[in-house]
Amino acid sequence: MLEKYIINHGSPTLCGEKIANLINVNSSFLSIKEINKLNIMLNKYDMHIYLLKNNKLSTLLYLFNIVKLTKRLNLTSTRKFLSKYSYPLNDTFETLKHLQYRILNNSEFPHEIGIFLDYPLSDVEEYIINKGKNSLLTGTWKVYSNLEYAKKKFLSFQECTNFCKYHYNIGFNLEFILNKYKGVNNEKISSCILDWNR
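Just so we're clear, the structure is a prediction, and the values are computed from it rather than from any experiment. (Residues numbered from 1 in each chain as written. Predicted model: local features only at pLDDT ≥ 70, side-chain atom pairs only at ≥ 80, totals over all residues. Heavy atoms only, no water.)

Caption draft 1: Seen up close, the sheet that holds strand β2 (residues 47–54). Pairing is antiparallel across the open sheet formed by three strands, whose spatial order is β1-β3-β2. Edge strands, defined here as strands with exactly one partner in the open sheet, are β1 (20–26) and β2. Across the sheet, the axes of successive neighbouring strands diverge by a mean angle of 25°, strand direction being ignored. In this structure, β2 lies alongside strand β3 (residues 58–65), joined through seven bridges in antiparallel fashion. Residue L51 lies in a different strand from β3, and its bridge partner there is L61. Each of β1, β2 and β3 is contacted by helix α1 (residues 2–14), which is oriented at about 165° to β1, the strand it contacts most. (Pairing = 2+ DSSP bridges. Helix = DSSP H or I, 4+ residues; strand = E, 2+ residues; numbered from the N terminus. Axes fitted to C-alpha atoms, helices over the stretch in contact; angles between N-to-C directions. Contact = heavy atoms within 4.5 Å.)

Caption draft 2: Spotlight on unusual backbone geometry. Here the phi dihedral of D118 falls at roughly 75°; this positive angle occurs in a residue that is not glycine. In this fold, D118 is placed in the loop between α6 (113–116) and α7 (121–130). Judged by its relative accessible area of 22%, D118 falls in the partly exposed class. Here N134, not a glycine, exhibits a phi torsion of approximately 65°, which is positive. Relative to the assigned elements, N134 resides in the loop between α7 and β4 (137–138). (Buried < 20%, exposed > 50% of the residue type's maximum accessible area, 1.4 Å probe, protein only.)

Caption draft 3: Main features of the pattern of salt bridges. Per the stated rule, a full pass over the model turns up six salt bridges. Close ionic contact of E17 with K153 constitutes a salt bridge, the shortest N to O distance being 3.4 Å. Taken as a pair, E17 in the loop between α1 and β1 and K153 in helix α8 (residues 147–169) lie far apart in primary sequence, 136 residues in all. According to the relative accessible area criterion, K153 is buried, its value standing at 17%. Between K44 and E175 there is a salt bridge, with its nearest N and O atoms 2.7 Å apart. Note that K44 is positioned in the loop between α2 (32–42) and β2 and E175 in helix α9 (residues 174–181), a separation of 131 residues in sequence. According to the relative accessible area criterion, K44 is exposed, its value standing at 56%. (Salt bridge = Lys/Arg side-chain N within 4 Å of Asp/Glu carboxyl O.)

Caption draft 4: Spotlight on the nonpolar core. Counting 28 residues, the largest nonpolar core has Y62, L69, L82, L96, L99 and F116 as the members making the most contacts within it. Contributions of two or more residues to this core are made by β2, β3, α3 (66–73), α4 (76–83), α5 (92–105), α6, α7 and α8. L69 has contacts with I19, Y62, F64, T92, L96 and F116, leaving out every residue within four places of it along the chain. Listed in part, the 24 residues of the second largest apolar core include L2, M41, I49 and L61. (Core = buried A, V, L, I, M, F, W, Y, C linked by side-chain atoms within 4.5 Å.)

Caption draft 5: Geometry of the packing of aromatic side chains. A complete count under the given rule lists ten aromatic pairs for this structure. Here Y87 and F116 contribute two aromatic rings whose centre-to-centre distance is 5.6 Å and whose plane-to-plane angle is 40°, an arrangement assigned as tilted. Here Y87 is found in the loop between α4 and α5, whereas its partner F116 is found in helix α6, with 29 residues between them in sequence. Taken together, Y50, Y62, F64 and F93 form an aromatic cluster joined through their ring pairs. (Phe/Tyr/Trp six-rings, centres within 6.5 Å; stacked < 30°, edge-to-face > 60°.)

Next comes the structure, spelled out in C-alpha cells:
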C-alpha cells in the first residue's frame, strides 16, 4: 500500500526531477516495519523516507534524495534563510529533526518547508511575506516570480507522475521502476506518454 502512495505522490522525486515530496498516508495503511523495509531499498538510490508527523489518523512522510537535499542545504542563500529559524545546518538529518520539531510544535505550519521541497527560495520568501496571497500562479507551489520556469517544472512533475503510475498500474513494482526508469530525462518521459496516448 505504501508503494502506491509513493508512486502517486512522490514520482517527481523518484524520477530525479525534484529533491523531495511530502506524502500524507492514512496511518492504518502503514507500519514502521514497512517504512524501514522500503528505506533499505530506497537508500540504494540515495533516497530516504523520513517520518515527519504521526498520529492515529494520518502520517506525514518526507521522501527525499539525500544527495540533492544536502547540496541544497549547503547553498549560502539557503543557509542564510534557514538560520532565521534556528536550523542546525551541519548535518542533513539534524536539519530534518528541527523541521520535524517545528511541524510538531508550531501552531502554524512552517512555510520554510518549501526549501525542503525544492521550491525556489524567492517564492518561499514571497509566500511568507504575502501570507500565501497575491501569487501569479498556483501549482505544486505558489509562484511569485519566474512564471515560465514554474510552468515547465509543473509539467515535468505531472509527466513523472503519469510515467510512474502507468508502469506501476501495469504491474511493475517500485524497485523495478527505479531500476529501469530513474534518471530518464523528461523528453523521453514525454515521448513515452505520447506513445501511450496514441
